[in-house]
Structure formats: structure tokens, C-alpha cells
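Coordinate analysis (summary)
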Amino acid sequence: MSRKVLVLNADYSALSICTVPKAFLLVYLDKAELISDSKKGMLRTIDKAYPLPSVIRLHHYVSLPFKGVMLSRQNVFRRDGNKCIYCGSHDDLTLDHVMPKSRGGKTNWDNLVTACRRCNSRKGDLTPEEMGISLPKKPYKPSFIMFLRDFAGSIEENWVPFLGTKERA
């Protein structure tokens, strides 16, 4: 069962995404309430049928000191759509520093992009401007909500009120 469930905090803010079995268990043990069910099926036992959870809300507020997106190789790949920012290839992906580290470039969200090994080698120690190319989009740090909404895979329509629309400024 690969469906995902949006987990809301007690104040209805998006907290995380979990699996259907985990969400069902939270609701069944009365640690969460079912806010919205999926119309795409039911959870069945021998003698009962339960709605398939899509959005649940925890009864007790969970305080998270850090609610951001960690900088990691996989998260940069997700942000860039798992394709090379220079040529669009999906093969042999690496990370590239837009401003090379040897020239003082930092390892952060605003300086890292996904590049295929070929483009990364060709770029070498140059900036995109020195190569005569421009980045199709500027690297950015995704917000937690944006990350849940845009990079968690497919989202259900009833998640939208809690995550917002997919449009970016």
C-alpha cells in the first residue's frame, strides 16, 4: 500500500506525510482524527470496512523546533526534478556548485544544482556565465510546506487546503 496520508498538527498546520497503515493506527488508537478520507477505496477486515485516510489531525500539538528542509543530495535532486539543470538529462546525476568551491562558493541551497556528470565535468571550475549559459531557474531553498506539496510525489486534491496551491511567486 503506497498511498500517503497528510498528517496535520492539532492546529491544522501540515506536519508530515505518513503511510496509510500508520495513519489508520493513529486514528484507531484515538491519537488522531480523520479529517478527510480517500474516495479511492476502503480498508477492510473480515467483518468491517473503514474509510481510507487521506488527511488526519493529531489530537495533541507536537512542537517541532526545526521545521525546514535538510540540505541533502536527494533533496537537491528532488528540487530540480531529478534532471540536469544544464541539459535536462536524467542519467548519471551529481551535484554542481554554481559558484565553484575553489572560488569561494558555499555548499548551500542557493549554490547547489543538479547536473549530469558530463555537464559538471565540462563546466569544471567556471561559472555558468563564463561558460556562456544561463540557469533556467535560480537555485533556492524550498520551504517545508513547498517541499511537502511539490516534492513528496503525487498529492491528493483534499490536501490542497492545508498545503496551498502549486503556484510559486
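Residues numbered from 1 in each chain as written. Predicted model: local features only at pLDDT ≥ 70, side-chain atom pairs only at ≥ 80, totals over all residues. Heavy atoms only, no water.

Moving on: the environment of Glu33. Inspection of the secondary structure assignment puts Glu33 in strand β3 (residues 32–44). Considered as a pair, Glu33 and Asn158 are 125 residues apart in the sequence and their alpha carbons are 15 Å apart. If we skip the residues at most four places from it in the chain, Glu33 touches Tyr12, Val27, Val55, Ile56, Arg57 and His59. One polar contact links Glu33 to Arg57, side chain to side chain, over a distance of 2.4 Å. (Helix = DSSP H or I, 4+ residues; strand = E, 2+ residues; numbered from the N terminus. Contact = heavy atoms within 4.5 Å. Polar contact = N/O pair within 3.5 Å; in protein donor to acceptor, adjacent residues only side chain to side chain.)

Moving on, we get to the state of the cysteines. For the coordinates displayed, the defined rule picks out zero disulfides. With no disulfide of its own, Cys84 lies closest to Cys87 among cysteine sulfurs, the gap being 3.7 Å. (Disulfide = S-S within 2.5 Å.)

Next up on the list: the packing of aromatic side chains. Following the criterion strictly, the structure yields three aromatic pairs and no others. Ring geometry for Phe24 and Tyr50: centres 5.1 Å apart, planes at 65 degrees, overall edge-to-face. Taken together, the residues span a long stretch of sequence, with Phe24 in helix α1 (residues 20–28) and Tyr50 in strand β4 (residues 49–58) at a distance of 26 residues. Tyr50 gets classed as partly exposed once you look at its relative accessible area, which sits at 21%. An angle of 90 degrees between the planes, with centres 6.5 Å apart, marks the rings of Tyr28 and Tyr50 as edge-to-face. Note that Tyr28 is positioned in helix α1 and Tyr50 in strand β4, a separation of 22 residues in sequence. Through a chain of ring-to-ring contacts, three or more aromatic side chains come together here, namely Phe24, Tyr28 and Tyr50. (Phe/Tyr/Trp six-rings, centres within 6.5 Å; stacked < 30°, edge-to-face > 60°. Buried < 20%, exposed > 50% of the residue type's maximum accessible area, 1.4 Å probe, protein only.)

The next point concerns the pairing of strand β1 (residues 4–8). Of all five residues in β1, four are buried; the element is thus mostly enclosed. In sequence, β1 turns back onto strand β2 (residues 14–19) through a hairpin of five residues, with Tyr12 there showing a positive phi of about 70 degrees. Across three bridges, the pairing between β1 and β4 is parallel. Each residue of the ladder has a partner; that of Leu8, found in β4, is Arg57. (Pairing = 2+ DSSP bridges.)

Turning next to the environment of Tyr50. Between the C-alpha atom of Tyr50 and that of Val76, which follows or precedes it by 26 residues, the distance is 38 Å. Sequence-distant contacts of Tyr50, that is, excluding residues within four places in its chain, are made with Phe24, Tyr28, Met42, Leu43 and Thr45.

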